[in-house]
Structures are given as structure tokens and as C-alpha cells.
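# Examining the three-dimensional arrangement
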Amino acid sequence: MSFIKKSPWMFHYDGSSCNGCDIEVLACLMPMYDIERFGVINTGNPKHSDILLITGSINRQNEDVVKTLYGQMGNPKVVIAIGTCAASGGIFAECYNILGGVNTTIPVDLYVPGCAARPEAIIDGVIQALDILEEKQKQRKKGKVTK
Amino acid sequence: MNTVFYTTIGYILLAPFVGGLLMGLDRIVTARMQSRVGPPVLQPFYDVFKLFGKDKLTVNQFHNYYLVCFFIFILVSGSMFFAGNDLLMVIFAFIVADVLLILAAYSTNSPYSSIGAERELLQMLSAEPMILLSAVGLYMVTGSFKVSAIVSCEKPLIVYLPGVFLGLTYVLTIKLRKSPFDLSTSHHAHQELVKGITTEFAGPALAVIEIVHWYETILLLGMIYLFFAFNPVLGVVVVVFVYFLEVLVDNTNARIKWELMLKSAWMVTIIVGGGNLFVLYYVLRL
Amino acid sequence: MTWITFLIIFPLLPACLVLLFKSVSIQKWVVIIASALICIGSVCLALTCTQAEAQYFRVTPDIVNKLVATGDITLALVFLYVCRHLPLKRYWIPLLVVVQYGAVVWYDLSGRVPETTHCLFVDNLSVIMALVIGIVGPLITVYTIGYMEKYHEEHPEVPDRRDQFLSAIFLFFSAMYGIIFSNNITWIYFFWEITTFCSFIMIGYPQTEEAVHNSFLALWMLLLGGLGFAAAILYASSVCGTVDLRQLLTMKKSVVLLPVLLICFAGLNKAAQFPFAKWLLGAMVAPTPSSALLHSSTMVKAGVYIVLRCAPVLHGTAAGAMVALIGGLSFLAGSALAISQRDGKRVLAYSTIGNLGLIILCAGIGSHLTLWAAVLLIIFHAPAKALMFLCVGTVEQQTGSRDIEDMNGLISRMPLLTIVMLIGLAGMFLAPFGMLISKWVVLEVLARKNPVLPMIVIFGGELMLFFYVKWMGKLVAVTGPQPQQGEGIGIEWSALGGLAVLTVLVCGLFPFVGIYLIEPMYGCDPMLSRQAIRAVAIMLGLMLLLPLGFFIPRKDLVHVDLYLSGANVTDPHKFMDSMGTARDCSFKNYYINKYFSEEKLFPGALVGSIVLLILMFSMEKL
Ligand code: SF4
């Protein structure tokens, strides 16, 4: 059994979102959906977290920030792009300052579609991310052995 | 000698289990108070084991080292307590451990950690006087600083030391870093200091801090138990009740500013704790 | 007896030699050899004279007493001479001199001062003091050579009078030994005023306006103490009929309480307790070695020593309780005031006032157990405090600042010095190092008393912890690769290293100090149970062993930058502001000026202590 599946701590970053998806992410933590059932804690600190949830698209300003935050997460880690904006830039895609979805900057493991993405979908995304996390952990251990 | 040895080993081995379980229950009770379901009871253990499996992120070469010392000193402090050693020494070792955590945070030179460290210092400044004072109070009644002697004292200590007990319960919230006194770091999501004193610690380092927190909790609850040592069953009940109270307070209070914390804690220490001792000294002539 | 005479008289030789030979290299060797000899002398004294009973020595030739009388007159003239340029028209300074010396000399010459046959003595307390003076002091002296060299390079405007400075230090040693070995209070008074004079010379050394001002401040405050002493002599010789310290202390309390209180007044004054704390703070303008000397092994220790001597009389009296409360007040106020200070030396000065307050508190209570604790405090305080002062002085010379905020990341710039400094700091407040052991003993003892006293100790100790830890935090902050500083530290290392070793060593040796030196004096120690010693030993062992763990190589660490909300730039200690420019990120410690500033607390402490002083003297009647 891999403990990482039991205790995925998350970290939420708001790109250039319209705030719709953010509210839905927060809704997951509220009593109605209570994502802590799965051991998820919203840490607010990349160094403590395993899952990076990004809502909204990437723009020129936050590009470096997203890269830095991603770099500060310890392995194993997954990135979930929440909402259409995070997937492709969404309705902001054509704006002068928008680079596009999260995958323009950092590798994304999972996309949760929707505008806004529904809490159920987000939770589903997180749960699916657990398997990816576990897979990454296994690979990491193997890598360590061969190293 | 043998019993000392066994209690020490027992503390070192058992405290994390009990402490971890207590944290798990804490989280469930908290969730229920917020009408949520909450994580499984064993969640704290999952967290810690997970953290051990993560990358060992460090900011510099020093801070992990301070953390290891922090861990060891908490072990020393706790084992001395459960081995029935001198209570003052226990508290001093406990303070050393806390200082090491603060130094670890300072050594990162990170703004969040450092402010967390500074606030942790303020928390110490608020809480430690009461803890030391309760040691003095226990001494006045039992005539000994040794934990073993205090435990085996026949007198119902709580009857003599109600004020000291109240004061200790008050600062327990500060020591456990529960709301409204979770200034330096918090168990709860997202605050202005990110994670305060623990911001820069990741992976195994964070796991160590978590485990130390379990040890710490057991040690502090042990001190609460001392007041009811004349009746072990009652003692355990009270300890559980006090912890429940902490969780309740945690969930019903917003964080306060450090000034209020310092003032109120010192007020409680001087008036309730000190007042109790004065009554003991002048009225009961102990 | 030989060693006592040696220790009192020998330091005068190097004091003269450094004045005679202006060559720096000769001075250096004179200082080193003389320091070594003083150190050896003190240790030999400890080896030969340690025993439960005090030994009293007959000093037969009347000439010695004549010498002291002549010395008094000379000293009075010297004081009057230095008062020829009085800043701020402080005419009361010469007045103080004239009044006290006039009275004492007149009494002496008119034969009203009773004869004392046994003028010198030694007991374990003297031996301990001699060791403190004779081991810590010479190390500071050796440090002085290197320090003064650089001091004059950095301050070309200060006239080079280093010969006088060194000479004053040795004179100081002589006077200190005189104080601790004299059994005749007129003698003590003579030596007492010599220390006042020496500190005046040292404080005024830079000759800046501030320095001169502060030196005169110190002079008049200390002379006030001298006045108390003079009054004690007059009272003792006319009412009690003796100036023999031993006889005085064994007389009936009602007779002897007033002179003893007057002596304690002088002691409080010299130990820079409130309300006299100001002179010690002013003394910070002087070159650092003199601060180290005044604060750790000499001067202020003379103050606590004399109070400690008087303690048996104070025991159980209301006046004694007042003395204890003045100490307690100084402990609280000193520790609280230190929180608001940024200047490293000022922090140390306040902590000295605080720590001495704790000693006075113990002495004021005067029971055997508290004296036990007080002696421990004296022993532990000296090396750690000297070490801290010397470290701050070195840092100031190497980096040009002694502001604690500027010491941020010192461990990256001067690792070795920082480690030494951390030892000193840990020695001041952290378990299981010295000061904390003594605080523990104090608490164990005081818990049997009125709850006010333990509360004072607890709160004061906590405040002390606060400012020391935040200082430590600044030192240990790792700021990444930095240009190394501190190449210029030469002979100073021997002193720094020696004191660091000493700080750790006394903690390891404290059970032995207790058994061989303190126990014979004050009886056994019920609270120092084996278990507690074991706990200290375990912790000390850990403290010494754990640093080794640092050298275990760690390969699997992943280095990341600080968390700065993602706004990091290439430089790890800068962040990107909203306009896209990199800015330094820095933060300062809390100083909590709102509650702990000097303006807020100092007046209150002054008033409180003056009230206590008045109470102390009025209690004597009760
Ligand atoms: S996907 Fe829709 S709701 Fe979500 S941030 Fe973009 S625009 Fe807003």
C-alpha cells in the first residue's frame, strides 16, 4: 500500500481565472463535499503538497511563478488543470497577455473540464490523480534503486 | 532502575501511537463539529508515512540538523517525565527542544518561517511561565519536584491547585498551537503566514515535526494528569475531557493577536496561577 | 598566605612595567606572561587553600595599615585631580570625595578606627572568586592586546594610551584580589575605591564627549556607593567597635544590620542594580575588553561578592527581603529592557544587570541553599558573559557594526566565530548550560519560599530566553554563500577559544565545584539529587555529541529556494515585486518597543528600586 494515496495534500494556484473555478475548488473543502474524507489537506504551500491544482490560464506575469511553485514541490507530484481556462486558455485564450493552458508552462497530468468545473468533477479528478501519484512514487523508488 | 527503563522505552514507543491516534480523533471530532465527515482515524499516520516517502527538500544544510536535535530533546524531555525525573528539568529540556525548532526556522532565513519563529517565541514567552509555575505549585503541595513523587502523592492535588490547573489548561492551547493561539503555525488551511514556522520544512523534516507534535501532546497531557494522579481513572477521564475542550475551543474561536495572547496568558498566570499559590502559602501555610 | 600576598601585589608589577615600556611588543609579552602567572597563582591558591574553615592571617606590621591610610589619601587626591575638568558642572563629585575621604581619614588618623589583627583571610568563597578573576580575567587581558591594536587602527582620532589601559586592568586585578581577601573593611574600602578609579579610567578611554560624560556618570554613582561604605566604616568603628568583617558578621543582627546594609548599598551600587544601573550602560562606550572585564569577572562581581558576604546577616530580616526584591526587580527590569535593544552590547549590559539581580536576590534571602545557587550563578555567569562581550567586540571590529540586525547570517560569513558565540549564548540561558543549571537550583530553592520570588525568577527567565533566542536566530540564519570575514582575528582566538571551552567545562564540572568548594561552605545540597545530575549529564553529552551529526554526509537532499509565494528570482534572497523588479526580502526581529522600551520601563524601575532602597533602610529599625 502506498501512503501517498491516503494522504494527498493539495495546493491551489489561481492563474488568470475568472474566480469561478476557484470558488468550486473551495467548495470541495466545505462541509458539503468535504474532500478531507480522502485525507486531502489544502496546505497553501508547495513544499508541503503533492497535488498542484491550477485554475485559470497562464499569462506572462504568472508564468514564472507557476514554474517556481512547481519546482518547489517535492516528488512525487501531480498537476491538475481545473476548468477550461486551465486546459486551453478558455474564453481568455485570445487575450494579449495569455499564453494558453497550464501545459504551456508545466507538464499537466490531469484535466478537469468545465466552465466552471463542478466540485464533483474536481473531486473525481483528485481521486484519479491518486493513481498517477502512486505510479510516480513507484517509478521514483525504482529509479532510486537503479541509481 | 528497571521500571525507569521500561517507562522510558514505553514512552518512546507508545507515545507516537497514542499521540497519532489522538490527532486522528481530533481531526474527526473537528470535522464533526463543522458537520463534515472527516478523514479516517489513522490519517495522521498516513500523512507521516507519506511525508517520509517524499523528496528531502532543504533550503540549506543546517536546518534539518536542528530538527533532529529538536526531536531528540523532546524525547529526552518526555522520557525524563515518564521516568519520574525532576519536573523542572523536564520543562527545561522541553524549552531547549522548542528553542531548537525556532532556530531551525530562523536558519532558513525565509520571511514566513522567521516570522513564525518570532511568534513561536512569543508563544513560549506567554506559555512557559505558567508551566514553570505549575511545577512550583506541585512542589508546594507535594514537597518534591520529582514526577514520581508527585504521582505517588496521596493528596488530591487538584483540590489544592485548582487555579494552577486552570492556568495550565489555558496555556495548553498555546502550547498545542490551537486556535485562538495558533499564531506561529496552524493545523488549518491557509493563513497569512502560509505555514508559519514550518513553511520551509518538507517531506521527512515535516514528518519529524509532526511526530514531535505527538510526543509533545502526550507530555503536556501527562502534566495535566499529574493533578489527578491520586485517581488514575479520573485522571485519564479529565485528560480526555481537557483535550476535547481544546478541540472545542479550537473550532469556536478565531485567532487573536499576539498582544492579547501575551497579556491574557500572563494575566492568567499571575492572577489565577499566582493567586492559587498565594492562597496556598498564606492561607493554608503549606 | 604567600599566594594571597602574591595575587594582591604581583599585578602591580606588570601594571608598572607596561607604563614604563612603551614598546608594543614588550607590552605584549609582559601582559601574556603576567596573565599566565596570575592564572597560575589563582589555581595554586585554590589547590592549597581550599578547606571548609576560613583561614585568617595576622598582618603584624603596622606599616601596612599606614600604607592603606596613605593610599586612601592618595586616592582622594587622585579623585580630586581628575575632577578638575568637570563636565556639566557636577560639583557634587568632588564633594562626595571630600566628604567620604575626609571622614574616613579623619577617623583613621585620630585613632577611632579599632585595630584589627587578622586583616587577611581566605575561605572557599574567596577561592571561587579568585578563580573567576584569575582565569576569566587574564583571558580578557590577552584578548585586549589584539583588540587594542585594531582599535587604534580603526579609531585614529583616539589618542593611543593603551599602556594606561593595560595598567588599569592589572591594577584592577590587584584591587579585586584585595577586596576578596581582606577581612578589614577599611582595607576593602581602599580596594573598593581603586576599582572605581580603574573603571573611571577605562570608561573614559576614548576621550570622546560621550565617553567623558559617561565616565563621570560612573564616577559619581560609584562614589555614592563608596560613601555608603565610608558610612559603614564610621558606624562600625564607633558603634560596633570593630572593623573586622568576621566579627561584624557574627555580631547581633540588631547592632550590625545598619552597617551591613550600608555595605550592601555599596554592593548594589557596584553590581549596577537598579537604581544605579545607568553607569553600567554608560560604560559601553569604552573599548570592549573593559566591558567584558567590568561585566564578567571584576567590578560587578565585587558588588555581588560583598552582598554575598553580608548574606548571613541579611538572612531572615525584612531588610534582607528588600535587598532580595531589589535584585528581583533588577532581574525583571533588566531582562525586559534587553528585549527592546538592538545594540548587542546593550543587550548584554541589561542581561548582566538582570543576572546580577538574580544573584542579589539569592544573597538577600541568605539561606544556605540560596547562597549555594548564588555562588553557582557567579561561576557560570563569568565565562559566558566574558565570551559574549569579546565575541561582540570581535564582530564589531570585523564587520563594523554591533547591531544585532546586522548580524543576520553571521554563520555564513564567520562560521567559527559564530559557533563560539552560540556557545556563549547557549551558556547564558539554555539547558543544560551553566546559567540554566543555576536558575534551576534557584527555582528549586525558592519554591520553598514566598511565591513572589519564584514568579520573579520565572518571568525574568522567560524574558531573558526571549531576547537571547531572537539574537541566536539572527546568527544562525543561513544567507547563502557570502564573502568570508574575520581573517583579521589573531591572538583574540586564544581568549575566545579558552572562554568557550571554559563555558562548556564549568557545566561538566559543576557537581565537583559543588562538592569540593560550595558544600563545605554552605552544607550539603539536598536538591542536587543524582538523578538531576544525570539529566544534566545526558543533555550536556547530547549538546556536545549532536554537533558531530552535522558532519554525516547527506547525499539525497534536494536543494530548493525559499518559499516566496512563487515570486522568486535567481538570487535566492530577492523577490519579484508587482512591477517586475527584484527586491531584497529582509525582516527584522521583534523589539516590542510598545511595552519594553527604555522610556516605558526605565523610570518605573528607577522609582520602584528607590522605594525599595528606602524601605530597606527603614526596615532596619523595625
Ligand atoms: S473555466 Fe470558466 S469558471 Fe473556470 S476560470 Fe475559466 S472562465 Fe472562470
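In what follows, the structure referred to is the one given above.
Here's what I pulled together on the structure shown here. Keep in mind it's a predicted model, so treat the numbers as computed, not measured. (Residues numbered from 1 in each chain as written. Chains lettered and ligands numbered in written order. Predicted model: local features only at pLDDT ≥ 70, side-chain atom pairs only at ≥ 80, totals over all residues. Heavy atoms only, no water.)

### A look at the overall build of chain B
The test is simple: Only DSSP runs of H or I with at least four residues qualify as helices, and only runs of E with at least two residues qualify as strands; both kinds are numbered from the N terminus onward. Our radius of gyration looks at C-alpha atoms and nothing else; its globule reference is 2.2 Å times the residue count to the power 0.38. A simple rule labels every residue: compare its accessible area, found with a 1.4 Å probe on the protein chains alone, to the largest value its type can have, and call it buried under 20%, exposed over 50%, or partly exposed in between. Contacts are residue-level and defined by heavy atoms, with any inter-residue pair within 4.5 Å sufficient. In this charge count, Lys and Arg are treated as positive and Asp and Glu as negative; neither His nor the chain ends contribute. The atom standing in for a charge is NZ when the residue is Lys, CZ when it is Arg, CG when it is Asp and CD when it is Glu.
Across its full length, chain B carries 11 helices and one strand. Ordering the α and β elements of chain B from the N terminus gives α-α-β-α-α-α-α-α-α-α-α-α. On C-alpha atoms alone, chain B measures out to a radius of gyration of 19 Å, which is about the 19 Å that the 2.2 N^0.38 rule sets for 286 residues. Principal axes of the C-alpha set define a box for chain B whose edges measure 55 × 45 × 40 Å. Out of the 286 residues belonging to chain B, those deemed buried represent 68%. For chain B, contacts bridging at least 24 residues in sequence account for 77% of all contacts bridging at least 6. For chain B, the separation between the mean place of its 17 positive charges and that of its 17 negative charges on side chains is 3 Å.

### Details of the layout of surface pockets
For clarity, the cut-off: Using protein atoms alone on a 1 Å grid, points that fit a 1.4 Å probe yet trap it form a cavity, whereas open point sets bounded by protein on both sides within 12 Å along at least five of seven lines form a pocket; residues with an atom within 4 Å of a point count as lining. Grid points are joined across faces, edges and corners, and a volume is the space filled by probe spheres set on the points. Three classes are used, and their members are as follows: Ala, Val, Leu, Ile, Met, Phe, Trp, Tyr, Cys and Pro are nonpolar, Asp, Glu, Lys and Arg are charged, and the others, Gly among them, are polar.
By volume, the second largest pocket amounts to about 740 Å³. Every residue lining the second largest pocket is counted, 23 residues in all, and those nearest its centre are Tyr65(B), Ile419(C), Leu422(C), Met543(C) and Pro547(C). When contributions to the lining of the second largest pocket are tallied by element, the ones reaching two or more residues are helix H3 (63-82) and helix H4 (87-107) of chain B together with helix H19 (415-429) and helix H23 (530-549) of chain C. Partitioned by chemical class, the residues of the lining of the second largest pocket number 23 nonpolar, no polar and no charged.

### Here we look at the interface of chain A and chain B
What counts here: For salt bridges, the criterion is a side-chain nitrogen of Lys or Arg within 4 Å of an Asp or Glu carboxyl oxygen. By the criterion applied in these results, polar contacts are pairs of N or O atoms within 3.5 Å in which, for protein atoms, one can donate a hydrogen and the other can accept it, and in which residues neighboring in sequence qualify only through two side-chain atoms.
Taken together, the 28 residues of chain A in the interface contact 29 residues of chain B. Summed over the shared surface of chain A and chain B, the result is seven salt bridges. For Asp55(B), the salt bridge goes to Arg140(A), with nearest N and O atoms at 2.9 Å. Where chain A meets chain B, there are 22 residue pairs in polar contact (both at pLDDT 80 or more). Contributing elements (two or more residues each) for the side of chain A that touches chain B: strand E2 (41-42) and helix H4 (119-146) of chain A. Among the residues making up the side of chain A that touches chain B, the classes are represented as nine nonpolar, 12 polar and seven charged.

### Regarding empty space enclosed by the protein
Under the criterion given, the structure shown has four cavities of 30 Å³ or more. Taken as a whole, the largest cavity spans an internal volume of roughly 120 Å³. Along its surface, the largest cavity is lined by Phe92(B), Ile95(B), Leu132(B), Phe429(C), Leu436(C), Lys439(C), Leu443(C), Val457(C), Ile458(C), Gly461(C), Glu462(C) and Leu465(C). Broken down by element, the residue count for the lining of the largest cavity peaks at five residues, all from helix H21 (residues 452-476) of chain C. Looking at side-chain class alone, the lining of the largest cavity contains nine nonpolar, one polar and two charged residues.

### A few points about the site of the ligand
All names here are of chain A. What counts, and what does not: Throughout, near means a residue has at least one heavy atom within 4 Å of the molecule or strand.
Residues in close proximity to the ligand include Ser17, Cys18, Gly20, Cys21, Gly83, Thr84, Cys85, Gly114, Cys115 and Ala116, which together make up its full environment. Among the secondary structure elements, those contributing two or more residues to the shell around the ligand are helix H1 (20-29) and helix H3 (83-88). Partitioning the shell around the ligand into residue classes produces five nonpolar, five polar and no charged.

### As for the interface of chain C and chain B
Condition: In this description, buried area is defined as the sum, over both parts, of the accessible area (probe of 1.4 Å) that is lost when the two are combined. A pair of strands is considered paired only if DSSP assigns at least 2 bridges between the two.
Counting residues at the interface gives 63 residues for chain C and 67 residues for chain B. Across the interface of chain C and chain B, roughly 6,100 Å² is buried in total on both sides, 75% from carbon and sulfur atoms. There are one salt bridge connecting chain C and chain B. Here Glu259(B) makes a salt bridge to Lys594(C), at a shortest N to O gap of 2.6 Å. Sorting the residues of the side of chain C that touches chain B by element identifies helix H20 (434-446), H21, H23, strand E3 (557-559) and helix H24 (593-596) of chain C as the ones contributing at least two each. The element contributing the most residues to the side of chain C that touches chain B is H21(C), with 15 residues. When the residues that make up the side of chain C that touches chain B are grouped by side-chain class, the tally is 42 nonpolar, 10 polar and 11 charged. Relative to E3(C), strand E1 (residues 56-58) of chain B runs parallel, the two being bridged by three bridges. Counterpart to Thr58(B) in the pairing with E3(C) is His559(C).

### Here we look at unusual backbone geometry
With an omega dihedral of -5°, the bond running from Cys115(A) to Ala116(A) counts as a cis peptide bond. Among the structural elements, Ala116(A) can be located in the loop between strand E7 (110-112) and H4. The omega torsion across Phe274(C) and Pro275(C) is 5°, close enough to zero to call that bond cis. The backbone of Ser35(B) shows a phi angle near 50°, a positive value even though the residue is not glycine. With respect to the secondary-structure elements, Ser35(B) resides in the loop between helix H1 (2-33) and helix H2 (43-52). In this structure, Met299(C) is a non-glycine residue whose phi angle is positive, near 45°. Take Met299(C): it is sitting in the loop between helix H13 (288-297) and helix H14 (300-314). Take Met299(C): its relative accessible area is 0%, and that puts it in the buried class.

### Describing a nonpolar patch on the surface
All names here are of chain B. Convention followed: Patches draw on residues past 30% relative accessible area with no salt bridge. Two like charges within 9 Å are joined, as are two nonpolar side chains (Val, Leu, Ile, Met, Phe, Trp, Tyr) within 5 Å. Using the Shrake-Rupley algorithm and a 1.4 Å probe, accessible areas are obtained, with residue cover drawn only from the displayed protein chains.
A contiguous nonpolar surface patch, about 730 Å² in accessible area, is contributed by Phe5, Tyr6, Ile9, Leu13, Leu14, Phe17 and Val18. Examined against the element boundaries, Phe17 turns out to sit in helix H1. Judged by relative accessible area, Phe17 falls into the exposed class, the value being 52%.

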